[in-house]
There are 2 protein chains.
Amino acid sequence: MARSDIPYKIYLTEDEMPKTWYNLRADMKNKPAPLLNPGTHQPMTAEELQGVFCEELVKQELDNDTREYPVPQEILDFYKMYRPSPLVRAYCLEKKLNTPAKIYYKFEGNNTSGSHKLNSAIAQAYYAKKQGLKGVTTETGAGQWGTALSMACAYFELDCKVFMVKVSYEQKPFRREVMKVYGASVTPSPSMTTQIGQKILSEHPGTTGSLGCAISEAVEVAVGNPGYRYVLGSVLNQVLLHQSVIGMETKIAMDKYGIKPDIIIGCAGGGSNLGGLIAPFMGEKLRGEADYRFIAVEPASCPSLTRGVFAYDFCDTGMVCPLSKMYTLGSDFIPAPNHAGGLRYHGMSPILSQLYDDKMMEAVSVPQTRVFEAAELFARTEGILPAPESSHAIRVAIDEAMKCRETGEEKNILFGLTGTGYFDLVAYEKFHNGAMDDYVPTDEELASYRARLPQI
Amino acid sequence: MARSDIPYKIYLTEDEMPKTWYNLRADMKNKPAPLLNPGTHQPMTAEELQGVFCEELVKQELDNDTREYPVPQEILDFYKMYRPSPLVRAYCLEKKLNTPAKIYYKFEGNNTSGSHKLNSAIAQAYYAKKQGLKGVTTETGAGQWGTALSMACAYFELDCKVFMVKVSYEQKPFRREVMKVYGASVTPSPSMTTQIGQKILSEHPGTTGSLGCAISEAVEVAVGNPGYRYVLGSVLNQVLLHQSVIGMETKIAMDKYGIKPDIIIGCAGGGSNLGGLIAPFMGEKLRGEADYRFIAVEPASCPSLTRGVFAYDFCDTGMVCPLSKMYTLGSDFIPAPNHAGGLRYHGMSPILSQLYDDKMMEAVSVPQTRVFEAAELFARTEGILPAPESSHAIRVAIDEAMKCRETGEEKNILFGLTGTGYFDLVAYEKFHNGAMDDYVPTDEELASYRARLPQI
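The notes below deal with the structure included here. The shown structure was predicted, so the numbers you read here are calculated from the model rather than taken from an experiment. (Residues numbered from 1 in each chain as written. Chains lettered and ligands numbered in written order. Predicted model: local features only at pLDDT ≥ 70, side-chain atom pairs only at ≥ 80, totals over all residues. Heavy atoms only, no water.)

Section: the overall build of chain A
- Across its full length, chain A carries 18 helices and 15 strands.
- In terms of its C-alpha atoms, chain A occupies a principal-axis envelope of roughly 60 × 50 × 45 Å.
- Burial analysis of chain A (456 residues in total) assigns 68% to the buried set.
- If you take every contact in chain A between residues at least 6 apart in sequence, the share linking residues at least 24 apart comes to 76%.
- When the accessible surface of chain A is summed, it comes to about 15200 Å², and 50% of that surface belongs to carbon and sulfur atoms.
- Treating the 46 positive side-chain charges of chain A as one cloud and the 54 negative ones as another, the clouds have centres 2 Å apart. (Helix = DSSP H or I, 4+ residues; strand = E, 2+ residues; numbered from the N terminus. Buried < 20%, exposed > 50% of the residue type's maximum accessible area, 1.4 Å probe, protein only. Contact = heavy atoms within 4.5 Å. Areas by Shrake-Rupley, 256 points an atom, 1.4 Å probe, with all protein chains shown as cover. Lys, Arg positive; Asp, Glu negative; His and termini not counted. Charge placed at Lys NZ, Arg CZ, Asp CG, Glu CD.)

Side note on the interface of chain B and chain A
- Counting from both sides, the interface comprises 43 residues of chain B and, opposite them, 43 residues of chain A.
- Three residues, Phe174(B), Val181(B) and Tyr422(B), lead the burial of chain B against chain A; their summed loss comes to 17% of the area buried on that side.
- Across the chain B-chain A interface, the total number found is two salt bridges.
- Its salt-bridge partner being Glu157(B), residue Lys96(A) comes within 3.3 Å of it at the nearest N-O pair.
- For the pair chain B and chain A, the number of links is 18 residue pairs in polar contact (both at pLDDT 80 or more).
- For the side of chain B that touches chain A, the secondary-structure elements that each account for two or more residues are α3 (73-82), α4 (91-97), α6 (144-156), α8 (173-181), α15 (368-382) and α17 (425-432) of chain B.
- For the side of chain B that touches chain A, the leading source of residues is α8(B), giving six residues.
- Grouping the amino acids of the side of chain B that touches chain A by side-chain chemistry returns 22 nonpolar, seven polar and 14 charged. (Buried area = accessible area lost by both parts, 1.4 Å probe. Salt bridge = Lys/Arg side-chain N within 4 Å of Asp/Glu carboxyl O. Polar contact = N/O pair within 3.5 Å; in protein donor to acceptor, adjacent residues only side chain to side chain. Nonpolar A, V, L, I, M, F, W, Y, C, P; charged D, E, K, R; others polar.)

Points about the relation of the copies chain B and chain A
- It takes a turn of 180° to lay chain B on chain A, together with a shift of 0.0 Å along the axis; the resulting RMSD is 0.0 Å. As the rotation angle and translation indicate, the two copies are arranged about a two-fold axis. Of the C-alpha atoms belonging to chain B, the one lying closest to the rotation axis is found on Asn110(B), 3.0 Å away.
- Looking at the interface residues of chain B, 100% of them are also at the interface in chain A, so both copies use one shared face. (Least-squares fit on C-alpha atoms with pLDDT ≥ 70 in both.)

Below, the structure is given as structure tokens:
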């Protein structure tokens, strides 16, 4: 198809929007390993999980077989408020790079939460409401997930208690304030409001918090308050299920214009965006219907896929959550203080971990100053100020496009632009002022975290 | 047309996007009064204006006759990066208000500048580039215009010097930082870098600055540096011409679905959004082809239309700019410090001023706490955190929809949602904390400003 036939932005009509979520596990030969009870090391039963999670979400979490889930009408209606997201042809970036490659990105940032996180937040809030719950608890790091969940809870009039990693709480007062506009209560973590928070604060009085610690607090509050459950914005199978809407919209849009991506690139923290973006494409690959190259991009300062191990580990610092088999750096790993943006979780989605272990996808890590260089180039050429997280994918997309300039190949490169950087300007400022470094954990550091993995 | 036939969001295809700007002046019986030379009080000639503005823009400024301007291809290409903007049916807000009214809004905030300002910024940067200039100078208040211009200049690789009202410069460090990502230089105004800045600082050492003062500084730098011109984001006829893209897209989308708005509502500071939104509809009204009710909404703390006078006045504090006939509060009027957000200019677009004087449109003013109440309700139901400026229009749209609930009328209400409030969270926080008041200038205050109007 001639260049001029593909518009800058492809928006699906409401009729074309997907009405189902796709469950990648149904097509995986090697299923992700089951969650284990941290006490008995036996697989978690639905009953055990229902103390923490909503019933319907537990079903989704454990279901390795059902290929397609119809999206409930209430969620479809909410999706229509901010979806479809555009699939953008990056004509200006291509021109700037002088590359024969054709670059596409699926832009998930055009909503007030600023990222794709809303896709799963609204689903989880819906099931909580349907179950008659009073509210939900969660943790948030950079704040995108907390904002998304606040919006979803406001829509369904649910109470929303967010534990925000203390360093973000202090550095990102505006994120905090957005959540308050949506009626959420926001507590810096670790806090004195939970037992685990008190314990962590007494052991590490000066700690600035971590995702793993905030998870522990949120779970404690959910389990201890009738009518509350815990919800999580990444890592879990259910989250990847909901996020498949990203990939399904992308695939419908590309099929409509006869475009087949050669390379599909996504940033990877817990895996929610990457897992959602690649889902239907990976499904084709698993079923042997098509081949694609998938690249997970992670920060060099938090390299769970590229330098972690595939093992059972705790999902949280307090070790109250089930054990999950995943690529992990160890549950008490925390990226160096100079690490900007999200993608700071110690582990990776069990689904993506299994696929990576099965050699179905690649992973690379990139240092953060190169990420911000790519972010700035992208902002100036494509007009969107990207989130630092998303800019990991931009970096590798640019690198691949530059390889095409060398080889003359007209590859179709697709990447996920998960969100906007409007709340990340402290990091951009650091980058401009030359105050950003590329610290990478040493092998010794990583080994010391690894030594504390549970023995299973 | 049945409710279910109108989607939540209407996006035009690239083919459907307007290829021309509409010049409302061509259909006005009473043309806006000419700009006057501040020294001679004679109409400014094109030659005189070309010392300050780009040549092509001067032509547009003075042209009361040409009805349609073809949009240059380079600008159309840029528009395709972030346009068309969606026309949204506010189903969720309607449901929340339990109103039979049908509410539509044209959402201009889905771009990194966060507002409609980019529509004119890219046009002005294009003509500067085409003229072979090195760069442009401008002022910015809340920062939306400065951000938009920075983005446009980065795209065309032009130098961009922004004078930012000092109080905003200090309160909105992130806005400043976005402009720097796009390569602009940002100077707090008043500054010691200009003669007028030095004069104002010596007379008012503690001043936190004003738009009128920043304009004077930007003009001085443009006139004093070869290869530079001054550009402005509102008020001017040329700006309303470019912003007609908002109204034209809206009208094409509404016509496509057979929707005729009964009431069209826009916030009004200098008039760039309102003038653009209403343009093609007002054209029909002026030509007697259709009737619409137009409502300009302004802050009670800066009420140029509702409490100002229609007279020649200076556009800037330093009185270096041409005189313009407009509704004005006096060129040294500054809203009380507690006024949040933009819409703080002392005057109103000459085009809109003339139309208002001709009784072609209405104007109302609203106190700011009621504006923020509307903003929060909107955020929670429609999922978009609105800019304080845009929330003035939301307030009146809600009020009109509530009247429909009383009367049972199924009116079509259209309003302009000019931008997002991601950089306005200090104001939201104030609102939450009860630290926001509704101060309104007294008649005596307004009279004292009015007494200093130039005698023409």
